[in-house]
Amino acid sequence: MVAHAPLNPVNLPAHAVEVRGLTKTYRPAGKAGPKLALKGIDLAIPRGSLFGLLGPNGAGKSTLINILAGLVNKTEGAVSIWGTDIDAHPRQARASIGVVPQELNMDPFFTPREMLELQAGLYGVPKAERRTEELLDAVGLKDKADAYARSLSGGMKRRLMVAKAMVHSPPVLVLDEPTAGVDVELRIQLWEHVRKMNREGTTVLLTTHYLQEAEELCDTIAIINHGAVVACEPTAKLLRRVDAKALTITVDRDLDAVPAALSGFTAELAGPRHIVVRYQPSRQRVDGVLAALAATGLGVIDLSTEESDLEDIFLQLTGGAHARGEGVHNAA
Ligand SMILES: Nc1ncnc2c1ncn2[C@@H]1O[C@H](COP(=O)(O)OP(=O)(O)OP(=O)(O)O)[C@@H](O)[C@H]1O
């Protein structure tokens, strides 16, 4: 077990993970040619953040995570985890990170308590410093501590994997698609758990295909596409990137065309009584639309506005990978 630096704020790195010029070229055996999976990416994950890594299938997310976890060798570039360079001090870097893989691979005949003890042993955590009971409690598995893993539900297994990744108290936790194939109730439970760990000081990096998950959970989001980072910024800022809103106006009588008074706006009829006006909030105000409408004598029954969401931005940045069904989904 490699001891962490004492938790003295002066010693803490500004970035939990820092990646500079990271390149990975796979050279598969056989006829397939080399595959450039990461094209010299730079990424800085702020300490304490809940960081989302998004990208369509094949973008390079797993490659990046596996390099951080020490499971895949990088081709070029520098990576440091919790201020430790993975080439200079691989053991210490690995001790600073816990990875929850996508697959629920566990021995069905071990109990959760045994599994955590075994994992702590693998990391060389001395018996006196083990956190088995605390972790079982934290992931809500105290009641199941001595049950065979095969008798746990899918959600319980996933929570056990989280506890397993935390046995050596890593300051950085990576969750690879934590809610893939998980039902809505459990997904919300897992989100709450992830938020709690983050509030308690763990920097969390999660990959997801669910845009809504990233939007709700993550304070910072990076989007990668074809092995390159195409965006990396605070979620709120990313969401402001698309300067577009839609205003739907329900009027009090049937129309067969958009009133001429609205010709200065981008407007269309979405039904005989529904006018949709698209506008840029940074340049236009709703009261201008309403004033133009008032001049027509039409009564307004209802109004609603719709913001752009992460999906619009994702589509813009990845050239519509989602629209072509390449594997990014809304969690709803
Ligand atoms: N072991 C390997 N050998 C050859 N090519 C690989 C290997 N692993 C990944 N690749 C290729 O590298 C690219 C990036 O793959 P990676 O698994 O990192 O993407 P991803 O973003 O995690 O995708 P997904 O969302 O489908 O998990 C893909 O083109 C993939 O086919």
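Conventions and cut-offs
Residue indices begin from 1 for each chain and proceed along its sequence in written order. Given that the model is predicted, a residue must reach a pLDDT of at least 70 before its local features are reported, and side-chain atom pairs must reach 80 or more before they are shown or counted; all residues, however, enter totals for whole chains, interfaces and linings. Side-chain numbers come from the whole structure's heavy atoms, not from hydrogens or water. UniProt positions are given in the numbering used here, feature names are shortened, and annotations may be inferred rather than shown by experiment. Per-residue confidence from the predictor is given as pLDDT, running between 0 and 100. Only heavy atoms enter the contact rule, under which two residues are in contact if any of them lie within 4.5 Å. For two strands to count as paired, DSSP must find a minimum of two bridges between them. Going along the chain from the N terminus, every DSSP run of H or I of four or more residues is numbered as a helix, and every run of E of two or more is numbered as a strand. Working convention: axes come from line fits to C-alpha atoms, limited for helices to the stretch in contact. Angles between N-to-C directions cover 0 to 180 degrees. We define proximity as follows: a residue is near a molecule or strand when any one of its heavy atoms falls within 4 Å of that partner. Pairs of N or O atoms within 3.5 Å make up the polar contacts considered here, provided that, within protein, one atom can donate a hydrogen while the other can accept it, and that residues adjacent in sequence are counted only when both atoms are side-chain atoms. Computed with a 1.4 Å probe, the accessible areas rest on the Shrake-Rupley method; for each residue, only the protein chains presented here act as cover. Exposure classes here rest on a 1.4 Å probe applied to the protein chains alone. A residue is buried below 20% of its type maximum, exposed above 50%, and partly exposed in between. Angles below 35 degrees are treated as roughly parallel, those above 145 as roughly antiparallel, those between 65 and 115 as roughly perpendicular, and all remaining angles as oblique. Crossings are assigned a handedness: left-handed for a near helix turned anticlockwise from the far helix by less than a right angle, right-handed for a clockwise turn. Stacked, edge-to-face and tilted are the three classes for Phe, Tyr and Trp ring pairs, Trp counted by its six-membered ring, which pair at centre distances within 6.5 Å; planes under 30 degrees apart are stacked, over 60 edge-to-face, the rest tilted. For a ring to carry a charge above it, either NZ of a lysine or CZ of an arginine must fall within 6 Å of the ring centroid while also lying within 35 degrees of the normal to the ring plane. Salt-bridge detection follows one rule: a side-chain nitrogen of Lys or Arg within 4 Å of a carboxyl oxygen of Asp or Glu.

- As recorded in an unreviewed UniProt entry, the chain goes by ABC-2 type transport system ATP-binding protein and comes from Azospirillum rugosum.
- According to its UniProt record, the chain has this under Sequence similarities (unreviewed entry): "Belongs to the ABC transporter superfamily."

**Remarks on the confidence of the model for the chain**
Piece 1. Summary statistics for the chain give a mean pLDDT of 86 and a share of 92% for residues scoring 70 or more.
Piece 2. Contacts from residues 322-332, a stretch scored under 50 in pLDDT, to residues over four places away or in other chains number 30 contacts.
Piece 3. Both confidence scores are given for the complex: pTM 0.77, ipTM 0.97.

**Points about the sheet that holds strand 13 (residues 274-279)**
Piece 1. Strand order across the open sheet formed by four strands is 12-13-11-14, with antiparallel pairing between neighbours. For this open sheet the edge positions go to strand 12 (266-271) and strand 14 (300-307), each flanked by a neighbour on one side alone. Between one strand and the next, the sheet's axes are offset by a mean angle of 25°, whatever the strand orientation.
Piece 2. Pairing between strand 11 (residues 245-251) and strand 13: six bridges, direction antiparallel. Counterpart to Leu 247 in the pairing with strand 13 is Val 277.

**Description of the site of the ligand**
Piece 1. Contacts to the ligand come from Tyr 26, Lys 35, Ala 37, Pro 56, Asn 57, Gly 58, Ala 59, Gly 60, Lys 61, Ser 62, Thr 63 and His 209.
Piece 2. Between an oxygen atom of the ligand and a side-chain N or O atom of Asn 57, the distance comes to 2.9 Å.
Piece 3. A distance of 2.6 Å separates an oxygen atom of the ligand from a polar atom in the side chain of Ser 62.
Piece 4. Notes on the ligand: free accessible area 630 Å², of which the protein chains cover 65%.
Piece 5. Those elements that provide at least two residues to the shell around the ligand are strand 2 (35-46) and helix 1 (61-68).

**Remarks on helix 1**
Piece 1. Burial runs high along helix 1: six of the eight residues are buried.
Piece 2. Buried within helix 1 we find Lys 61, Thr 63, Leu 64, Ile 65, Ile 67 and Leu 68.

**Observations regarding the packing of helix 5 (residues 154-165) against helix 6 (residues 184-199)**
Piece 1. Across the interface, helix 5 lies against helix 6 with an axial gap of 11 Å and an inter-helix angle of 15°. When the axis of helix 5 is compared with that of helix 6, the two are roughly parallel. The chirality of how helix 5 crosses helix 6 is right-handed. Touching Gly 155, Arg 158, Arg 159 and Val 162 of helix 5 are Leu 186, Gln 189, Leu 190, His 193 and Met 197, all from helix 6.

**A word on the sheet that holds strand 9 (residues 220-225)**
Piece 1. Reading across the sheet, the six strands line up as 6-7-8-3-9-10 and stay open at both edges, with mixed pairing between neighbours. Either end of the sheet is taken by a strand with one partner, and the two such strands are strand 6 (97-100) and strand 10 (228-234). Direction aside, neighbouring strands of the sheet carry axes that sit 15° apart on average.
Piece 2. Across six bridges, the pairing between strand 9 and strand 10 is antiparallel.

**Some thoughts on the packing of helix 3 (residues 112-122) against helix 5**
When two helices pack together, their arrangement is given by the angle between the helix axes and by the axis-to-axis distance.
Piece 1. Direction vectors running N to C along helix 3 and helix 5 enclose 25°, while the axes themselves pass 9 Å from each other. For the element pair helix 3 / helix 5, the angle class is roughly parallel. Regarding helix 3 and helix 5, the two cross each other, and that crossing is right-handed. Counting all contacts with helix 3, which are made through Pro 112, Met 115, Leu 116 and Gln 119, the residues of helix 5 involved are Leu 160, Ala 163 and Lys 164.

**Some details on the side chain of Thr 84**
Piece 1. Considering the arrangement of structural elements, one finds Thr 84 in strand 5 (residues 84-85).
Piece 2. Among all residues touching Thr 84, those that are not within four sequence positions of it are Val 79, His 89, Gln 92 and Ala 93.

**Examining the environment of Met 106**
Piece 1. In this structure, Met 106 sits in the loop between strand 6 and helix 3.
Piece 2. In contact with Met 106, other than residues within four places in its own chain, are Met 115, Ala 149, Lys 157, Leu 160 and Met 161.

**Section: the packing of aromatic side chains**
Piece 1. What the rule picks out here adds up to one aromatic pair.
Piece 2. Note on Phe 109 and Tyr 148: the rings are 6.1 Å apart at their centroids and 80° apart in plane angle, and the pair reads as edge-to-face. With Phe 109 in the loop between strand 6 and helix 3 and Tyr 148 in the loop between helix 4 (132-138) and helix 5, this pair connects stretches of sequence that are 39 residues apart.
Piece 3. Cation over ring: Lys 24 sits above Tyr 26, and NZ or CZ is 5.1 Å from the ring centre.

**With respect to the environment of Leu 104**
Piece 1. Position of Leu 104 among the secondary structure elements: in the loop between strand 6 and helix 3.
Piece 2. Taking the C-alpha atoms as reference points, Leu 104 and His 226, 122 residues apart in sequence, are found 27 Å from one another.
Piece 3. Aside from chain neighbours lying at most four places away, what touches Leu 104 is Gly 154, Lys 157, Arg 158 and Met 161.

**Describing the pattern of salt bridges**
Piece 1. Scanning the model with the defined rule gives 13 salt bridges in all.
Piece 2. Glu 192 is the partner of Arg 195 in a salt bridge, and the nearest nitrogen-oxygen pair spans 3.3 Å. Taken together, the residues span about one helical turn, with Arg 195 and Glu 192 both in helix 6 at a distance of three residues.
Piece 3. Residue Arg 195 is classed as partly exposed on the basis of its relative accessible area, which comes to 25%.
Piece 4. Residue class for Glu 192 comes out partly exposed when judged on its relative accessible area of 38%.
Piece 5. Between Arg 285 and Asp 287 there is a salt bridge, and its shortest N-O distance comes to 2.5 Å.
Piece 6. The class for Arg 285 is exposed, based on a relative accessible area of 61%.
Piece 7. Judged by its relative accessible area of 41%, Asp 287 falls in the partly exposed class.
Piece 8. Connected via shared salt-bridge partners are Arg 113, Glu 133 and Asp 146.

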